[in-house]
Structure formats: C-alpha cells, structure tokens
Amino acid sequence: MPADRALAPSDAAVALRSFPRRFRGVLASPGEDDSGDDPDEVARRAGQAGLTAAEHLVTADAVVVALADALRSRDAAVEFPATLADDGTAVSTLLDRFAETAARAADAVDAVASDDWDDLLRPTQDAVGTIADHLRAAEQVISEVV
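Here's what I pulled together on the structure shown here. (Residues numbered from 1 in each chain as written. Predicted model: local features only at pLDDT ≥ 70, side-chain atom pairs only at ≥ 80, totals over all residues. Heavy atoms only, no water.)

## Notes on the nonpolar core
Membership of the largest hydrophobic core comes to 42 residues, with the highest contact counts inside it found for Leu16, Phe19, Phe23, Leu27, Leu71, Phe98 and Ile131. Elements with a minimum of two residues in this core: helix H1 (9–27), helix H2 (39–43), helix H3 (53–73), helix H4 (91–111) and helix H5 (117–145). Look past the residues within four positions of Phe23 in its chain and what remains in contact with it is Ala28, His56, Leu57, Ala60, Leu95, Phe98, Ile131, His134, Leu135 and Ala138. (Core = buried A, V, L, I, M, F, W, Y, C linked by side-chain atoms within 4.5 Å. Buried < 20%, exposed > 50% of the residue type's maximum accessible area, 1.4 Å probe, protein only. Helix = DSSP H or I, 4+ residues; strand = E, 2+ residues; numbered from the N terminus. Contact = heavy atoms within 4.5 Å.)

## Quick word on the pattern of salt bridges
Here the structure, examined in full by the defined rule, presents eleven salt bridges. Three or more residues are tied together by salt bridges with common partners; here these are Arg17, Asp107 and Asp110. (Salt bridge = Lys/Arg side-chain N within 4 Å of Asp/Glu carboxyl O.)

## Observations concerning the side chain of Arg45
For Arg45, the position within the fold is in the loop between H2 and H3. Only 2.7 Å separates the side chain of Arg45 from the side chain of Asp37, close enough to count as a polar contact. From its side chain, Arg45 meets the backbone oxygen of Val145 in a polar contact 2.7 Å long. Residues in contact with Arg45, not counting those within four places in the same chain, are Asp37, Leu51, Thr52, Ala53, Val141, Val145 and Val146. (Polar contact = N/O pair within 3.5 Å; in protein donor to acceptor, adjacent residues only side chain to side chain.)

## A closer look at the packing of aromatic side chains
Enumeration according to the criterion identifies one aromatic pair in this entry. Both rings, one in Phe23 and one in Phe98, keep their centres 5.1 Å apart while their planes meet at 75°; by these two values the pair is edge-to-face. Residue Phe23 is located in helix H1, and its partner Phe98 is located in helix H4; the two are separated by 75 residues in the primary sequence. Residue classification places Phe98 among the buried residues on the basis of a relative accessible area of 0%. (Phe/Tyr/Trp six-rings, centres within 6.5 Å; stacked < 30°, edge-to-face > 60°.)

## Comments concerning H4
In this model H4 runs 30 Å from its N-terminal to its C-terminal C-alpha over 21 residues, within 8% of the 30 Å that 1.5 Å per residue would give. Of all the positions in H4, only Val91, Leu94, Leu95, Phe98, Thr101, Ala102, Ala105, Ala106, Ala108 and Val109 are classed as buried. Seen from one end, H4 has its buried residues packed into an arc of 150°, which puts them on one side. Opposite its buried face, H4 presents the exposed residues Glu100 and Ala111, each directed more than 90 degrees away. (Expected span 1.5 Å × (residues − 1). Arc of directions from axis to C-beta.)

## Some points on the packing of H3 against H4
Two numbers describe how H3 lies on H4: the axes approach to 9 Å, and their chain directions differ by 25°. Judged on the interaxial angle alone, H4 and H3 are roughly parallel. The hand of the H3/H4 crossing is left-handed. Contacts between H3 and H4 involve Leu57, Val58, Ala60, Asp61, Val64, Val65, Ala68, Leu71 and Arg72 from the first element and Leu94, Leu95, Arg97, Phe98, Thr101, Ala102, Arg104, Ala105, Ala108 and Val109 from the second. Taken together, the residues that form the contact of H3 with H4 break down as 14 nonpolar, one polar and four charged. (Axes fitted to C-alpha atoms, helices over the stretch in contact; angles between N-to-C directions. Parallel < 35°, antiparallel > 145°, perpendicular 65-115°, else oblique. Left-handed = near helix turned anticlockwise from the far one by under 90°. Nonpolar A, V, L, I, M, F, W, Y, C, P; charged D, E, K, R; others polar.)

Printed below as a string of structure tokens:
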C-alpha cells in the first residue's frame with residue numbers, strides 16, 4: 001500500500017507510538033484463548049506468503065530504527081530494510097524492543113524542526129506506511145495459522 005502523503009509529522013509520531021500496542025494485540029496471545037498454542041510458536045508459523053508474523057515484527061522494528069537514525073542525522077536518503085529473518089528471540093522480548101525503538105522514533109519525529117520537514121516528511125510517511133503494511137501482514141498471517 002502506498003504511503004499516506006497527507007500524513008503530518010504529528011500524525012506520524014502518534015502512529016509510531018501506537019504501533020507497539022497494535023503489534024502486541026496481534027502477537028502477544030494469538031490462539032491462546034482457542035487452541036492453547038504458545039504465542040511464540042504461533043508467531044513463527046509461516047502464512048500463505050511464506051513469512052511469519054515474527055518476521056513482520058522484526059522487519060517493522062528495523063524500519064523504525066532506520067527512520068529514527070535518519071531523523072536524528074537529518075538524512076532523507078534512508079533505505080528501509082526488506083523482510084528480515086527472525087532469530088528466535090522470544091516474542092515478548094521482540095515486542096518490548098519494538099516498543100522502545102518506536103518510542104525513540106516518535107521522539108525523533110517530535111525533535112525535527114519545522115524547517116527540516118521539507119526533506120524528511122516523505123521518508124517518515126514511507127516508514128509509517130511500511131510499518132502499517134507489516135502490521136496488516138502480521139494480522140493476516142496470524143489469521144491464517146491459528
């Protein structure tokens with residue numbers, strides 16, 4: 001899905017702060033109520049596209065890190081990573097790490113001066129769109145594998 005070009009910096013900060021809660025809602029206890037499956041095991045089941053929900057979370061975290069670094073250095077030429085492999089870290093740890101990096105990225109958005117947004121708005125919008133895509137993909141994978 002293309003990035004929302006109407007997304008303002010303040011909206012991007014809000015979105016970044018909301019993504020950890022939203023990912024946690026998808027990954028913290030999928031299947032626990034119905035099947036009793038371990039959330040870590042469920043998050044590592046591949047969906048029809050061949051990717052796991054954990055891989056989408058790991059990649060979303062890497063996008064957040066890249067955005068925060070770009071905003072701090074005022075580098076608009078940021079490249080966001082392709083889908084990354086999951087290293088088997090516990091999902092709760094991945095979610096906690098994502099919450100920390102998303103908070104840092106939101107703070108970095110808040111710290112950008114108005115004059116600097118001409119160059120930094122597009123990569124910020126792209127990052128938020130990419131993270132939202134990974135969230136939707138993680139939701140889809142969980143719905144397929146539970």
